[in-house]
Amino acid sequence: MHESYEPTRGATSEPGPRVLVVDDDPTVAEVVAGYLDRAGYLVDRAGDGPAALARAAAHRPDLVVLDLMLPGMDGLEVCRRMRARGPVPVIMLTARGDEEDRILGLEVGADDYVTKPFSPRELVLRVESVLRRARPDTDRQPVRAAGLTVDPAARRATRDGGELALTLREFDLLSFFLRHPGRAYSREDLMREVWGWEFGDLSTVTVHIRRLRGKVEDDPARPRLIQTVWGVGYRFEADDRPAASEV
């Protein structure tokens, strides 16, 4: 993790977004914090779960870089408790490359993950990418279908008028489906079209489809809106239900 990095944001007099780095390895935390600081971010640090929750309560972060393997309270529980207080983007650090670890992190709402050992430069780019996705898209108009409404300008989604608690990736996936009903997309297509990834772990798509179904389907075990197209991928089927009228 000793490489040179020229920050893409550049030095500014105004503090950038606040990032909370949570890792019990002081060397990792120091290096990550240093790279983020040079990239223009305002960085807080915590070495364990309780300290992370206290720091987040005192100064709400714009994003959290969270180690999965923490002493006492692991990263999954920290993520759950932070999510319970309100939406916040999370990038999970995993010590192993096991698919189970990555899926567990995504299941509790992590927006991205990086496997140790990692490049600090790559992590900074991931932070930039997640924060960019979190910003409202004022150029897009709300879209409605099947009782669902997605408002990109407000980063808000509703189902029959009730607000949906979606992660960034879930929001982008639902927005994409609503704008492209009736067409089947492979998991590779969704990774590229929704998140701009040319390669990656396809299980990421599977996890987010399952999580999104749990929030928008009447019966997630028998999905009617987000349908599986065997041998291809997934298709969003809008129906004739009245759409939510408010945004």
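First, a word on what this report is: a plain description of the structure on this page.

So, how was this worked out
Residues numbered from 1 in each chain as written. Predicted model: local features only at pLDDT ≥ 70, side-chain atom pairs only at ≥ 80, totals over all residues. Heavy atoms only, no water. Helix = DSSP H or I, 4+ residues; strand = E, 2+ residues; numbered from the N terminus. Buried < 20%, exposed > 50% of the residue type's maximum accessible area, 1.4 Å probe, protein only. Contact = heavy atoms within 4.5 Å. Areas by Shrake-Rupley, 256 points an atom, 1.4 Å probe, with all protein chains shown as cover. Pairing = 2+ DSSP bridges. Axes fitted to C-alpha atoms, helices over the stretch in contact; angles between N-to-C directions. Parallel < 35°, antiparallel > 145°, perpendicular 65-115°, else oblique. Salt bridge = Lys/Arg side-chain N within 4 Å of Asp/Glu carboxyl O. Core = buried A, V, L, I, M, F, W, Y, C linked by side-chain atoms within 4.5 Å. Phe/Tyr/Trp six-rings, centres within 6.5 Å; stacked < 30°, edge-to-face > 60°. Lys NZ or Arg CZ within 6 Å of the ring centre and 35° of its normal.

Considering the overall build of the chain
The secondary structure content of the chain amounts to eight helices and 12 strands. Residue burial in the chain is summarised as follows: out of 247 residues, 49% are buried. Counted over contacts in the chain with a minimum sequence separation of 6, partners at least 24 positions apart contribute 61%. Put simply, the chain shows about 11800 Å² of open surface, and 48% of that area lies on carbon and sulfur atoms.

What to know about the pairing of strand S7 (residues 148–151)
Because side chains alternate across S7, one face comprises the buried residues Leu148 and Val150, and the other comprises Thr149 and Asp151, equally buried. Pairing analysis gives three bridges linking strand S6 (residues 143–145) to S7, with the strands arranged antiparallel. Of the residues in S7, the one forming a bridge with alanine 145 is leucine 148. Counted along the chain from S6 to the antiparallel partner S7, the turn is two residues long, and its residue alanine 146 has a positive phi close to 55°. With four bridges joining them, S7 and strand S8 (residues 156–159) adopt antiparallel strand pairing. What sits directly across from threonine 149, in S8, is threonine 158. Where S7 folds back on S8, the antiparallel hairpin that results is connected by four residues, among which arginine 155 adopts a positive phi of roughly 50°.

A short note on the packing of helix H6 (residues 168–179) against helix H7 (residues 187–195)
With their axes 10 Å apart at the nearest point, H6 and H7 run at an angle of 100° to one another. In this view, H6 runs roughly perpendicular relative to H7, as classed from their interaxial angle. Touching Arg169, Asp172, Leu173, Phe176 and Phe177 of H6 are Leu190, Glu193, Val194 and Trp195, all from H7.

With respect to the pattern of salt bridges
Side chains that differ in sign of charge can pair as their charged atoms come close. In total, this model carries 19 salt bridges according to the counting rule given. The salt bridge partner of lysine 116 is aspartate 23, with a shortest N-O separation of 2.8 Å. Placement of the pair is lysine 116 in the loop between strand S5 (112–115) and helix H5 (120–134) and aspartate 23 in the loop between strand S1 (18–22) and helix H1 (26–38), with a sequence separation of 93 residues. The pair formed by lysine 116 and aspartate 23 is uniform in burial state, with each residue classed as buried.

Quick notes on the sheet that holds S8
Strand order in the open sheet formed by four strands is S6-S7-S8-S9, with antiparallel pairing between adjacent strands. Each edge of the open sheet carries a strand with a single partner, namely S6 and strand S9 (162–163). Each of S6, S7 and S8 is contacted by H6, which is oriented at about 115° to S7, the strand it contacts most.

Here's the deal with the nonpolar core
One finds Leu174, Phe177, Leu190 and Phe236 to be the most contacted residues of the largest nonpolar core, which totals 27 residues. Among the secondary structure elements, those contributing two or more residues to this core are S6, S7, H6, H7, helix H8 (203–216) and strand S12 (233–236). Counting residues per element, this core draws most heavily on H6, at six residues. Apart from the residues lying within four places of it in its own chain, the contact partners of phenylalanine 177 are Leu190, Ile209, Leu212, Ile226, Tyr234 and Phe236.

Quick word on the packing of aromatic side chains
Here the structure, examined in full by the defined rule, presents two aromatic pairs. Ring geometry for phenylalanine 176 and tyrosine 185: centres 4.9 Å apart, planes at 70°, overall edge-to-face. A relative accessible area of 10% means that phenylalanine 176 is categorised as buried. Lying across the ring of tyrosine 35, arginine 38 places its NZ or CZ 4.7 Å from the centre.

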